[in-house]
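These are the residues of each chain, in order.
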Amino acid sequence: MAGIIIIGTGHAAVQCAASLRDNGSSSTITLLGGETDLPYHRPPLSKKYAVTGVPEEFSLLRAADFFEKNNIKLRLGKSVEAININQRCVVMGDSEKLSFDQLVIATGSQPRVLSIPGIEHAFSLYSLDDARTLCTRLGCTKTVAVIGGGFIGLEIAAAVAAAGQKVTVVEAAPQILGRSLTPSLAARVRKAHETGGLKFISNTAVDAIRTDGVSTSDGFIEADLVICGAGSVARSELAEKAGLTTGNGIHVNRVLETSVPGIYAIGDVACFETSTGEHRRYESVQNANDQARALARTLCGERTSYDALPWFWSDQGSIKLQMAGDSCGASKVVAVDGEKAPQTAAFCFNAQDHLCAVETINWPAYHALSRKALSGGRVITRAHLESADYVLKTALKS
Amino acid sequence: MPQICFKQNDGSSVTVEANAGQTLMHEAMRHGIVGIIGECGGSCMCATCHIHLKDPGKFGLGGISEMEETMLELEGEDITADSRLACQIEITPQLDGLIVTVASTDD
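The sections below set out a description of the structure shown in this document.

What counts as what
- Residue positions are given per chain, counting from 1 as you read along its sequence in written order.
- For naming, the first written chain is A and the first written ligand is 1, with later ones following in the order written.
- Thresholds applied to this predicted model are a pLDDT of at least 70 for local features of residues and 80 or more for the giving and counting of side-chain atom pairs; totals over whole chains, interfaces and linings are not thresholded and use all residues.
- Side-chain figures throughout are based on the complete set of non-hydrogen atoms in the structure, without hydrogens or water.
- Starting at the N terminus, helices and strands are each numbered in turn, a helix being any DSSP run of H or I of at least four residues and a strand any DSSP run of E of at least two.
- The globule rule used here is 2.2 Å times the number of residues to the 0.38 power, and the radius of gyration it is set against is calculated over C-alpha atoms.
- Only heavy atoms matter for contacts: two residues are in contact if any of them lie within 4.5 Å across the pair.
- Under the convention used here, a 1.4 Å probe and the Shrake-Rupley method define accessible areas, while residue burial counts only the protein chains that appear.
- Two residue types count as positive, namely Lys and Arg, and two as negative, namely Asp and Glu; His and chain ends fall outside the count.
- Lysine's charge is taken at NZ, arginine's at CZ, aspartate's at CG and glutamate's at CD.
- Any two strands with at least two DSSP bridges between them are considered paired.
- For helices, the fitted axis covers only the stretch in contact; all axes are lines through C-alpha atoms, and the angles between them, taken along N-to-C directions, range from 0 to 180 degrees.
- Accessible area is worked out with a 1.4 Å probe on protein chains only. A residue is then buried under 20% of its type maximum, exposed over 50%, and partly exposed in between.
- In protein, a polar contact means a hydrogen-donor-capable atom and an acceptor-capable atom, both N or O and within 3.5 Å, with residues adjacent in sequence counting only if both atoms are side-chain atoms; elsewhere, any N or O pair within 3.5 Å suffices.
- Convention used here: angles under 35 degrees read as roughly parallel, angles over 145 as roughly antiparallel, angles from 65 to 115 as roughly perpendicular, and any remaining angle as oblique.
- Here the quantity called buried area is the accessible surface, traced with a 1.4 Å probe, that two parts lose on coming together, added over both.
- In the sections that follow, a salt bridge refers to a side-chain nitrogen of Lys or Arg positioned within 4 Å of a carboxyl oxygen of Asp or Glu.
- Just so you know the grouping, Ala, Val, Leu, Ile, Met, Phe, Trp, Tyr, Cys and Pro go in nonpolar, Asp, Glu, Lys and Arg go in charged, and all remaining residues, Gly too, go in polar.

## Thoughts on the overall build of chain A
Step number 1: Counting its secondary structure elements, chain A contains eleven helices and 26 strands.
Step number 2: A globule of 398 residues ought to have a C-alpha radius of gyration of about 21 Å, and chain A, at 22 Å, matches this closely.
Step number 3: Once the C-alpha set of chain A is aligned to its principal axes, its extents read approximately 60 × 60 × 35 Å.
Step number 4: Pairs at least 24 apart in sequence give 59% of the contacts found in chain A among residues at least 6 apart.
Step number 5: Accessible area for chain A stands at about 16800 Å²; split by element, carbon and sulfur atoms hold 48% of it.
Step number 6: If you average the places of the 39 positive and of the 40 negative side-chain charges in chain A, the two averages end up 4 Å apart.

Pasting the structure below:
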């Protein structure tokens, strides 16, 4: 038996290998990845390491001896160059071929590269190595421009500003976090950041990047360093070249199988079919881990559809953003402010007036409760929440 | 360095030399303590580092935050009065001799 090959060494890949063993799999399991560091937690890169530096004991996904103990072959610094569907094998950069019975693609996502003149002067953050370099660069800067007001851009911007540097965020859209947060909450996040010293220039396109700053449709912004945080794209080139169905990621069905039987995709790279037949691609730790667990069960013989509640968090300086559910397509949003500003919960309702997502700023207890409210097939209506004055604890009891 | 003893689900114990300044979760994971997963990396977003502490007051450990308490209620199994999330406990020299029991995991 050739066993199971997992391409990737990130959250989804490592969890899948671990869950396969938890579920009693005795297959040969091989993880292949281009990076040379032991598998690590990615969230701290933008939230912390880029500014504080990467500690010698960075946050590992599993203890160093976990892989050997569990008979999982971890091959670092091994980039896969091609997937050969007919021969059921992957081809490595050094032409080595490895056969598989089942293949799991967990290649993740990478920062979007904008087509702007001078983009080579901009820095983007993907790996632990990038965080090491960025931290060194930030050691000799005083002013920083961040292109993109999404999660990663804002996390870096807030961390750099907290370290005492002057930071300007340039956003092409009218509002920051436009793709991921409801407008009323995004406005509150922006205000809190402005109070904290971040400068925003929105509705403004970047025309060119220079070593001394960025030219925009609104004038020149001086910066010793330009950081690009303009979203991520799925790393699906291998799948595309192999002829798998792709388009905003690798298309997979309810059990995370691609258009080729026996080949699966999980995590950031997977564009999966939801229980309502829509296609979604999430870039989150929760999604990576939960898909990995579902797939491990399927590979161990218990066919499992992926159906977990999505949740996400973003630490931006003193702002803790947390989301539960999917606010895509919400038709009504009710924002409730807490006592300790900035503290807000935004309740999102679908067309049937059922609660479909809750986004919170600095309100972790509400986040936790909303995950409870949204899971287990529970239906909470707007009328019900209104009658409880949007106090979630009350609403959940009645 | 403070010595901390982890009691694992299978009845075995592991005593580690912990680094002050790190969290209990980080040190447990570094030493491969079984049952401490730390899925969210220490952001108090999951409860996969659920532990039980013996005599926390004796070691100068403060109370539990609302965030930690709610997350435990939401995700943790077998919650007791001495339940904590290891990611929310910073290691100090005072913790020398602390006994940590890893919560049972069925998942």
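After presenting the structure, the write-up continues.
## Some words on the sheet that holds strand E4 (residues 80-84) of chain A
Residue and element names in this part refer to chain A.
Step number 1: Taken together, the three strands give an open sheet; going across it, the order is E4-E5-E6, and neighbouring strands pair in antiparallel fashion. At either end of the open sheet lies a strand with only one pairing partner, and these are E4 and strand E6 (97-99). This sheet shows a mean twist of 25° between the axes of neighbouring strands, independent of strand direction.
Step number 2: Judged from the three bridges that link them, strand E5 (residues 89-92) and E6 form a sheet pairing that is antiparallel. Residue pairing in the sheet places Val91 in a bridge with Lys97 of E6.

## Some details on the environment of Asp10(B)
Residue and element names in this part refer to chain B.
Step number 1: Its place among the elements puts Asp10 in the loop between strand E1 (3-7) and strand E2 (13-17).
Step number 2: Classification of Asp10 by relative accessible area gives exposed; the value is 63%.
Step number 3: When the C-alpha positions of Asp10 and His52 are compared, they lie 15 Å apart, and in sequence the two are 42 residues distant.
Step number 4: A distance of 2.6 Å separates polar atoms of two side chains, one belonging to Asp10 and the other to Ser12.

## Some remarks on the packing of helix H9 (residues 364-374) of chain A against helix H2 (residues 66-75) of chain B
Step number 1: Interaxial distance between H9(A) and H2(B) falls to 8 Å at its minimum, and their mutual angle equals 10°. For the element pair H9(A) / H2(B), the angle class is roughly parallel. Here Pro364(A), Ala365(A), His367(A), Ala368(A), Leu369(A), Arg371(A) and Lys372(A) of H9(A) lie close against H2(B), whose contacting residues are Glu66(B), Met67(B), Thr70(B), Met71(B), Leu74(B) and Glu75(B).

## Section: the interface of chain B and chain A
Step number 1: Facing the 22 residues of chain B at the interface are 25 residues of chain A.
Step number 2: Summing both sides of the interface, chain B and chain A together bury roughly 1900 Å²; the carbon and sulfur share of this comes to 55%.
Step number 3: Three residues stand out in chain B for area buried against chain A, namely Glu39(B), Met45(B) and Leu74(B), and they jointly supply 34% of the buried area on that side.
Step number 4: Our count for the chain B to chain A interface comes out at two salt bridges.
Step number 5: For Glu57(A), the salt bridge identified is with Arg30(B), shortest N-O distance 3.2 Å.
Step number 6: At the surface where chain B touches chain A, the tally comes to seven residue pairs in polar contact (both at pLDDT 80 or more).
Step number 7: Counting only elements with at least two residues in the side of chain B that touches chain A, the list comes to helix H1 (24-30) and H2 of chain B.
Step number 8: For the side of chain B that touches chain A, the leading source of residues is H2(B), giving six residues.
Step number 9: Classifying every residue of the side of chain B that touches chain A gives eight nonpolar, eight polar and six charged.

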